[in-house]
Structure formats: structure tokens, C-alpha cells
Amino acid sequence: MNPPPQRATSAPVWRVLHVEDSELDHLMIQALLAQAGVSVLWRRVDTLPEVLQALSEPWDAIVCDYQLPGTSGLEVLRALRAARASIPFLLVSGEIGEETAVEAMREGAADYLLKTHLKRLAPALQQAIRAAQAQQARDQAHEALRESQRQLQALTRHLQAHIEAERAAMARELHDDVGSALTALKFDLAWLARHGQPSQAARAEQAMATLDVAIAASRRLMLNLRPPILQEGLVPALHWLIGQFERQQEGIQAQLVSDADIPLDEERALVAYRFVQEALHNVAKHARATRVTVELAWAGGVLTVEVRDDGVGMNVAALPPTAGLGLRGLRERAASVGAWLDLSSAPGAGTRLLLSLPVLAAGNDTEIDMDAEWLEEAR
């Protein structure tokens, strides 16, 4: 039984701009590539203005003679780079010196060939085109990744804003509704304690003690959801947060070191506050530390917030993927306002968590301008 016929695959057809003043040389190069099985749609020009005008059309490659009327192949190449035309450029010459060849490669030529050795033109042309296509695909993938990251940061920012709005609403409800109701109930119990029977008064006193616990818990929840002191500035809010932490965690000394109260906008102040809050929570839960320090410093338009402890530390490289979800959440939240995190730790050497936050002062609409690629590397 004969095998089924194989489906033929058509070879690509390249669009090549040939910068050449000799019709004979143009025909020779056409014949060589046709003989090598390379399908090409050609267009020949011989002046620099014609080359620049032809850039309005899509080209897979440019094959350029070195000696041209009134110009040279190198001048054409420099003009293309000035026009930001990222088209593979092959320089062809009847005679080219080593210095000229090196200069051509330095200027961005994909290859150079001698007219006396044009058998290499077909593979050189195909290789240059495929390399350019692969680079273009990488650039597109990189841009798609960057766009995805921008969308993720926008989504993170939106979700965090929604979460903070919900927290603020819950804090108001705890204060206005639950807090008011508990306070009124305490007044009623106090009246019963004063005017009721002795047995009722004793039960009322017990109920008031329980109610005091509920009121304290309600106040603590309200402050954790949205601390009103944050309106006074980041440093006062952190002083309060660290004081609360030290009272709740017996055996851990905590301190805040700050050279100044940086006037942040509300969004960035909240990011810094939540960062310290989450870091202190991790210290209490995992570090087994006796001392933790929160330090704020400002330089060059960047506020750094550092939380370090003297606990058991960890091997960061050996952390399982799920163990880094909290840190990942902090990174995404920081990235949503142009900030980034650094974590350093080692077994037995404690842990250091650093937030670097470009400063946008309260009442100032101009953010510190920082290069996006530098920020990406820093993250």
C-alpha cells in the first residue's frame, strides 16, 4: 500500500530592498538567490532619499552596496538607525577593508559580504531575517508581559482600594452602631446594678465586666480596620501600632526609629502602614524574636521602611511556593504604587524586610520620576 502523499509546505517569500546602482549586479544577486531556492520580491533603489522613502513599506531585509552615488553603505546604515528602522541590513561590496567591516557591524549591520564570495548571501540573508523575526517575537512577548504586569498592578490597586473602603465602612459601623449599642447597654446594666435587687446587681456587675471585654474587642477591631491616627501622619500611626504590638507580645521589645515624618499621600501612607502591620504579624507568628526594629529613612525621593528582627531567620531559597504568598501579596501591593520589596534572612540570623517607596508628598500631584526599567530591575 502506497503511503499518502506528503503535503507540500510553501517556502516563505521575503521582501528585500536592494540598494544598488548597478543593474547588472542587481540581476546577478537575483539569480544567485533564485538558484539557492530563496524566494524574493525585490525592489532596487540607488540613492539615500529613495531608501528613506521606501521605509514606508514593510521589508524583511535590506541588501546594500558599499559604493553608491554620492553616499556609502555605511551612511545608509546610519540613516536607517537614525530613523529607528529595525530591518536586517547586509552590506555587500566589491572591496571592503577590515576597519570598514568592523565599523559596519558596530553600526548594527547583520552581516557583510564581498561580491567575489556571494555564495554565502542566501544563508546569510535567511539567518538575518529569521534572527530579526525571533527578536521581534521576543520583543512582542516582553511587551505583552509588561502589559499583563501593568494590568495586574491596576487590578491590585483597585482591589486594595475596595478592601480599604470596606474596612473603613466596617470601622464606621463598629463605632457608630455596635459601639453605640454596647455603650447604651452598659448604661442600662449600670442602672440595674444601682437600683436592682442585690442578686440582680451582682449579675449586672458580671455582665458589665463581660461587656467591657466586648467593647475593648470592638475598639481594637475598629482600630485595626482603619486607625484614625493615620490621619495624623505615618510616624504617629506607626508609634501607635508598635505600642500595641509590644503590649500584646510579651517578651518582644519593639522600637521605631525615624529621622522625620515624611508627608505622604494617603495611598502610600496606607501601603507603608499595612507593610509594617503585616511584617509585625509575621514576627509574632514565626520569628521567635526578642527584639524588632522599624526604621524609616528618606533620601533621593524614596522613603525606605525597614523591619528587622533578631529571630530564628529562614532559608529564603528553600521556602515552598505557598509559604511566599503573603510576601507575594505585599510585593503586588507595593508595585501598584511604584514601590518594591527586598527580603534578606538566614537561619539563626534574623530577618530584614525593606520597603522602598517613591515619595509623593501630600498635596503634590507630581511623583518622583524614576526609570521604569531601573524600577523593574530593583524589584
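Here, the structure is the one placed above.
Residues numbered from 1 in each chain as written. Predicted model: local features only at pLDDT ≥ 70, side-chain atom pairs only at ≥ 80, totals over all residues. Heavy atoms only, no water.

Draft legend 1. Examining a negative patch on the surface more closely. Where like charges cluster on the molecular surface, the negative patch consists of Glu166, Glu173, Asp176 and Asp177. Positionally, glutamate 173 belongs in helix H5 (residues 121-195). (Patch = residues over 30% accessible without salt bridge, like charges linked within 9 Å, V, L, I, M, F, W, Y side chains within 5 Å. Areas by Shrake-Rupley, 256 points an atom, 1.4 Å probe, with all protein chains shown as cover. Salt bridge = Lys/Arg side-chain N within 4 Å of Asp/Glu carboxyl O. Lys, Arg positive; Asp, Glu negative; His and termini not counted. Charge placed at Lys NZ, Arg CZ, Asp CG, Glu CD. Helix = DSSP H or I, 4+ residues; strand = E, 2+ residues; numbered from the N terminus.)

Draft legend 2. Spotlight on a nonpolar patch on the surface. Where nonpolar side chains cluster on the molecular surface, the patch consists of Leu152, Leu155, Leu159 and Ile163 and spans about 320 Å² of accessible area. Relative to the assigned elements, isoleucine 163 resides in helix H5.

Draft legend 3. Structural view of the packing of helix H7 (residues 234-248) against helix H8 (residues 266-287). In the contact formed by H7 and H8, the axes pass within 10 Å of each other and the chain directions differ by 15°. Taken together, H7 and H8 sit at an angle that is classed as roughly parallel. Note that H7 runs across H8; the crossing there is right-handed. Within the contact between the two elements, H7 uses Leu234, Ala237, Leu238, Trp240, Leu241, Ile242 and Phe245 and H8 uses Ala269, Ala272, Tyr273, Val276, Gln277, Leu280, Val283 and Ala284. (Axes fitted to C-alpha atoms, helices over the stretch in contact; angles between N-to-C directions. Parallel < 35°, antiparallel > 145°, perpendicular 65-115°, else oblique. Left-handed = near helix turned anticlockwise from the far one by under 90°. Contact = heavy atoms within 4.5 Å.)

Draft legend 4. Layout of the sheet that holds strand S11 (residues 340-345). Across the sheet, which stays open at both edges, the five strands sit in the order S8-S9-S10-S12-S11 with mixed pairing between neighbours. Looking at strand neighbours, the two that pair on one side only are strand S8 (253-258) and S11, the edges of this open sheet. Taken over all neighbouring pairs, the strand axes of this sheet differ in orientation by 10° on average, direction set aside. One ladder, built from six bridges, connects S8 with strand S9 (residues 291-299); its direction is parallel. Within S9, the position partnered with serine 258 by the bridge is leucine 296. Against the sheet, H7 touches S8, S9 and strand S10 (302-309), its axis set at about 170° to S8. (Pairing = 2+ DSSP bridges.)

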